[in-house]
2 protein chains.
Amino acid sequence: MLINQQPYRTIWHDAAERYVEIIDQTRLPFEFVTHRITSFDMMLVAIKSMQVRGAPLIGVAGAYAIALAMKEAPSDSHLSQSAALTIACRPTAVNLAWAVQRMQNKLMPLAATERPSMAWREAAAMAEEDVHQNRAIGQHGLKLLQDQLFEVKARTAANPLNVLTHCNAGWLATVDYGTALAPIYAAHDADMPIHVWVDETRPRNQGASLTAWELARHGVPHTVISDNTGGHLMQQGLVDMVIVGADRVTRDGDVCNKIGTYLKALAAYDNHVPFYVAVPSPTIDWQIRADAIEIEHRQPEELSCVSGLTPEGGLSHIRLMPAETPILNPAFDVTPARLVSGFITEHGVVQTAGLAALEFSIRNID
Amino acid sequence: MLINQQPYRTIWHDAAERYVEIIDQTRLPFEFVTHRITSFDMMLVAIKSMQVRGAPLIGVAGAYAIALAMKEAPSDSHLSQSAALTIACRPTAVNLAWAVQRMQNKLMPLAATERPSMAWREAAAMAEEDVHQNRAIGQHGLKLLQDQLFEVKARTAANPLNVLTHCNAGWLATVDYGTALAPIYAAHDADMPIHVWVDETRPRNQGASLTAWELARHGVPHTVISDNTGGHLMQQGLVDMVIVGADRVTRDGDVCNKIGTYLKALAAYDNHVPFYVAVPSPTIDWQIRADAIEIEHRQPEELSCVSGLTPEGGLSHIRLMPAETPILNPAFDVTPARLVSGFITEHGVVQTAGLAALEFSIRNID
């Protein structure tokens with residue numbers, strides 16, 4: 001997508017296969033900074049500290065972590081060890097484990113000398129696949145929005161279709177296009193009158209800092225609200241659809257996503273607002289059941305401290321509550337399938353009952 | 001309640017009836033500052049800027065605003081005008097209008113010369129009534145918690161009864177004791193093992209800044225969570241009861257309270273967690289229907305800017321998102337009666353169906 005008229009992806013590597021470049025998402029929205037990641041260890045830090053985040057993007061970042069590890073030492077033991085270290089960085093999103101296992105499966109049968117160049121090629125291929133999947137999600141979601149546009153009533157720029165989203169499942173959460181935001185970009189580009197309610201998304205404020213930033217860059221009308229506000233807006237008839245991303249979807253259709261997603265799903269259900277999950281197939285975990293998903297607990301400082309601009313224009317990091325305040329900070333919750341209207345995948349829109357058929361067709365394609 | 005072993009109320013006046021003193025709640029939790037309010041205009045600023053906030057407290061603050069106005073000029077026209085100006089400060093909480101109208105009804109029949117001293121007396125009487133009501137709410141709520149304690153299972157300090165609350169309905173929201181927190185203080189003082197999940201409560205963070213502060217002062221175990229977290233905790237069986245306050249309750253049992261209350265009520269209902277509203281009778285509006293309640297919209301800066309401590313220990317006000325970010329900031333939502341388990345009033349615990357009988361008995365007492 002465009003930043004200051006220049007096309008960007010969230011992650012890319014140099015032609016000589018020496019380093020990876022990323023956008024440092026912890027510096028947005030006030031500073032646009034890219035980092036050159038030259039070692040395996042640097043990439044692990046980038047994943048853990050959420051300089052790169054979003055389920056699809058950390059999958060690709062994990063693949064590149066393995067490529068960097070292979071550049072450093074392409075032995076069997078180093079491959080196994082670096083794979084395990086990478087997967088442990090973020091336990092909840094399935095894409096990371098999926099991508100790293102795919103790298104392992106691809107590299108382990110090869111001679112050590114062949115591994116580095118194959119690793120770069122495979123990581124780059126996964127980045128491309130992500131872009132294609134998200135573009136397809138955008139097109140399938142666009143059709144859904146067009147149907148909704150005609151269903152709800154005639155909409156105009158002054159009275160647009162209102163979509164609510166939680167956290168950031170935009171192009172910053174992927175390599176490009178995004179998952180939940182892909183249909184929105186497609187709709188905007190097709191001149192549909194569309195407006196996005198952006199949940200602030202505490203504790204890390206990915207909605208206010210990332211989703212609002214990327215929507216603004218692309219010119220999509222949007223409004224930031226507190227996480228508490230979406231239910232009230234639905235009661236008032238001001239939300240026509242909810243679209244969120246996911247960190248892991250079970251074959252039963254349960255959706256693990258950013259903490260607070262469940263509350264929006266409850267409100268959507270209570271107000272007859274369609275609730276869709278945009279999800280590329282690597283985010284579907286065909287093995288796990290919802291109660292076995294490990295919910296990552298992150299540092300209390302994510303809630304107690306925030307960064308922002310001082311009146312003088314500098315960046316400052318401040319503490320919102322006394323250091324001794326007890327805090328619990330689980331990063332994800334699980335929305336039960338019964339609250340989900342459907343899944344927007346790269347293969348089309350399916351309901352929970354259709355996930356089994358989707359798995360069958362994906363396995364046969366593979 | 002105690003602050004550094006010294007008993008405080010949130011509002012009081014001097015013996016010579018010249019001024020009112022308040023705790024400036026916008027400076028908490030990092031600075032404990034009291035202000036001397038010497039004029040009607042100063043009190044309006046204190047109410048609008050939320051130096052005093054919480055439905056019961058702004059009722060009493062509104063009564064004192066009229067006392068200050070009568071000190072300045074006790075004419076009929078000044079009484080009517082100052083009453084209208086006071087009510088307009090905060091449209092959603094019914095207590096403010098209720099308190100100001102009671103002052104008007106009391107003062108209007110009197111000769112102008114008699115109004116100032118009666119105004120101080122009546123405002124002080126309302127403060128006392130609030131304290132008595134809240135103490136009674138605490139006792140009725142305590143019984144509810146004791147019943148719940150035995151119902152859920154044997155609880156210990158290591159495995160306490162978990163109550164979730166939203167916003168601040170503690171003693172800082174009233175003259176003393178609080179509404180939603182009154183039962184919790186009563187339970188803690190009765191040596192019940194109790195722990196409070198404190199919603200941060202964006203955008204103004206009253207949970208993290210005020211509720212956590214006052215619970216810590218009183219030694220009640222608590223944990224601050226993001227507003228997104230309560231649903232997940234309920235799914236995990238970690239919440240035994242929700243207790244919130246209210247800014248206005250209709251006779252149908254619909255509850256207008258801090259934005260986000262509705263989402264917690266939905267999650268409580270979905271997980272069979274009892275959801276109680278602690279409400280002194282002046283907060284019940286016997287006239288209005290839910291759809292006629294005016295929802296106050298506040299400044300975008302409440303969401304986009306926050307205050308906190310810098311690493312150097314000074315207070316700083318920073319901006320979380322670019323100034324051009326579009327923001328909507330409704331301060332309240334309405335939780336439908338069907339999601340409410342009951343109301344903890346100073347007259348006892350009643351369900352929605354019992355509100356009509358409560359009204360009848362209150363009218364007959366009056």
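Notes on the structure follow. Nothing here was measured: the structure is a model prediction, and the numbers come from that model. (Residues numbered from 1 in each chain as written. Chains lettered and ligands numbered in written order. Predicted model: local features only at pLDDT ≥ 70, side-chain atom pairs only at ≥ 80, totals over all residues. Heavy atoms only, no water.)

This paragraph deals with the overall build of chain A. The number of helices and strands found in chain A is 11 helices and 18 strands. In summary, chain A has a C-alpha radius of gyration of 20 Å against a globular reference of 21 Å for 366 residues, a match within 12%. When its C-alpha atoms are laid out on the principal axes, chain A stretches across 60 × 55 × 45 Å. For chain A, the proportion of its 366 residues judged to be buried stands at 63%. Restricting to contacts in chain A with at least 6 residues of sequence separation, those with at least 24 account for 74%. In the form shown here, chain A has an accessible surface area of approximately 13,300 Å², with 52% of it arising from carbon and sulfur atoms. One way to put it: in chain A the 28 positive side-chain charges average out to a point 1 Å from where the 39 negative ones average out. (Helix = DSSP H or I, 4+ residues; strand = E, 2+ residues; numbered from the N terminus. Rg over C-alpha atoms; globule rule 2.2 N^0.38 Å. Buried < 20%, exposed > 50% of the residue type's maximum accessible area, 1.4 Å probe, protein only. Contact = heavy atoms within 4.5 Å. Areas by Shrake-Rupley, 256 points an atom, 1.4 Å probe, with all protein chains shown as cover. Lys, Arg positive; Asp, Glu negative; His and termini not counted. Charge placed at Lys NZ, Arg CZ, Asp CG, Glu CD.)

With that out of the way, let us pick up helix α9 (residues 261–270) of chain A. All names here are of chain A. Across the 10 residues of α9, 8 count as buried, placing the element largely inside the fold. Among the residues of α9, Thr-261, Tyr-262, Leu-263, Lys-264, Ala-265, Leu-266, Ala-267 and Ala-268 are the ones counted as buried. Phi turns positive one or two residues past the end of α9, at His-272, with a value near 55°.

Turning to the relation of the copies chain A and chain B, a few remarks are in order. The transform that puts chain A on chain B rotates by 180° and translates by 0.0 Å along the axis, for an RMSD of 0.0 Å. Between the two chains, the operation in question is that of a two-fold axis. Considering only C-alpha atoms, the part of chain A nearest the rotation axis is A:Leu263, at 2.9 Å. Take the interface residues of chain A: 100% of them recur as interface residues in chain B, which is what a same-surface contact looks like. (Least-squares fit on C-alpha atoms with pLDDT ≥ 70 in both.)

In this section: the sheet that holds strand β8 (residues 222–225) of chain B. All names here are of chain B. In spatial order, the strands read β8-β7-β6-β9-β12-β17-β18; together these 7 strands make up an open sheet with mixed pairing. Across the chains shown, the open sheet's two edge strands, defined by having one partner strand only, are β8 and β18 (348–350). Direction aside, the axes of adjacent strands within the sheet are offset by 25° on average. Bridge count for strand β6 (residues 161–165) against strand β9 (residues 241–244) is 2 bridges, and the pairing is parallel. Note that in β9 the partner of Leu-164 across the bridge is Val-242. (Pairing = 2+ DSSP bridges. Axes fitted to C-alpha atoms, helices over the stretch in contact; angles between N-to-C directions.)

Residue and element names in this part refer to chain A. Of the two faces of strand β12 (residues 275–278), the one lined by Phe-275 and Val-277 and the one lined by Tyr-276 and Ala-278 are each fully buried. Pairing geometry for strand β9 (residues 241–244) and β12, over 3 bridges, is parallel. Opposite Val-242, over in β12, you have Phe-275 as the bridge partner. As defined by bridge partners, β12 adjoins strand β17 (residues 342–345) across 3 bridges and the pair is classed as parallel. Bridging from a neighbouring strand, Ala-278 pairs with Ile-344 of β17.

Grouped together as the largest cluster of nonpolar side chains are 60 residues, with contacts concentrated most on A:Val242, A:Val277, A:Phe343, B:Val242, B:Val277 and B:Phe343. Excluding residues within four positions of it along the chain, B:Phe343 makes contact with B:Val249, B:Gly253, B:Val255, B:Tyr276, B:Val277, B:Val279, B:Gly348, B:Val349, B:Val350, B:Gln351, B:Thr352 and B:Leu355. (Core = buried A, V, L, I, M, F, W, Y, C linked by side-chain atoms within 4.5 Å.)

What follows deals with the packing of aromatic side chains. Taken as a whole and judged by the stated rule, the model has 8 aromatic pairs over all chains. An angle of 80° between the planes, with centres 5.1 Å apart, marks the rings of B:Tyr8 and B:Phe32 as edge-to-face. Of this pair, B:Tyr8 sits in the loop between β2 (6–7) and β3 (11–13) while B:Phe32 sits in the loop between β4 (20–23) and β5 (34–37), and the two are 24 residues apart along the sequence. Residue classification places B:Tyr8 among the buried residues on the basis of a relative accessible area of 18%. In this structure an aromatic cluster arises from ring pairing among A:Tyr8, A:Trp12, A:Phe32 and A:Trp213. The positively charged end of B:Lys258 is found above the aromatic ring belonging to B:Phe332, 5.0 Å away from the centroid. (Phe/Tyr/Trp six-rings, centres within 6.5 Å; stacked < 30°, edge-to-face > 60°. Lys NZ or Arg CZ within 6 Å of the ring centre and 35° of its normal.)

This part covers the sheet that holds strand β13 (residues 284–285) of chain B. Residues and elements named next belong to chain B. Strand order across the open sheet formed by 4 strands is β13-β10-β11-β16, with mixed pairing between neighbours. Two strands close off the open sheet at either side, each with one partner strand: β13 and β16 (332–335). Looking at chain direction, strand β10 (residues 248–250) and β13 are connected through 2 bridges and run parallel. Residue pairing for β13: Thr-250 is matched across the bridge by Asp-285.

Here we come to the side chain of A:Asn162. Residue and element names in this part refer to chain A. Counting through the fold element by element, Asn-162 comes out in strand β6 (residues 161–165). Assessed through its relative accessible area of 9%, Asn-162 is described here as buried. When neighbours within four sequence positions are excluded, Asn-162 is seen to be in contact with His-195, Trp-197, Leu-238, Val-239, Asp-240 and Met-241.

We now examine unusual backbone geometry. Cis geometry marks the peptide bond from A:Leu28 to A:Pro29; its omega dihedral reads 5°. Positionally, A:Pro29 belongs in the loop between β4 (20–23) and β5 (34–37). Of the consecutive residues A:Arg202 and A:Pro203, the connecting peptide bond is found in the cis state with omega at 5°. The residue A:Pro203 is located in the loop between β7 (194–199) and α7 (206–218) in this model. Positive phi outside glycine occurs at B:Asp191, with the angle close to 65°.

Here the focus is the interface of chain A and chain B. With 58 residues of chain A in contact, the opposing surface of chain B contributes 58 residues. Summed over both partners, the interface of chain A with chain B buries about 4,400 Å², with 62% contributed by carbon and sulfur atoms. Joining chain A to chain B, the criterion identifies 4 salt bridges. A salt bridge links B:Glu200 to A:Arg202; its shortest N-O distance comes to 2.4 Å. Counting the contacts that link chain A with chain B gives 22 residue pairs in polar contact (both at pLDDT 80 or more). With 6 residues, α9(A) is the largest single contributor of residues to the side of chain A that touches chain B. Looking at the side of chain A that touches chain B residue by residue, the class counts come to 30 nonpolar, 20 polar and 8 charged. (Buried area = accessible area lost by both parts, 1.4 Å probe. Salt bridge = Lys/Arg side-chain N within 4 Å of Asp/Glu carboxyl O. Polar contact = N/O pair within 3.5 Å; in protein donor to acceptor, adjacent residues only side chain to side chain. Nonpolar A, V, L, I, M, F, W, Y, C, P; charged D, E, K, R; others polar.)

Turning next to the environment of A:Ala323. Relative to the elements of secondary structure, A:Ala323 occurs in the loop between β15 (315–319) and β16 (332–335). In the structure, A:Ala323 is positioned 142 residues away from A:Leu181 in sequence and 36 Å away in space, judged by C-alpha atoms.

By themselves, these figures tell us nothing about what the structure is for.
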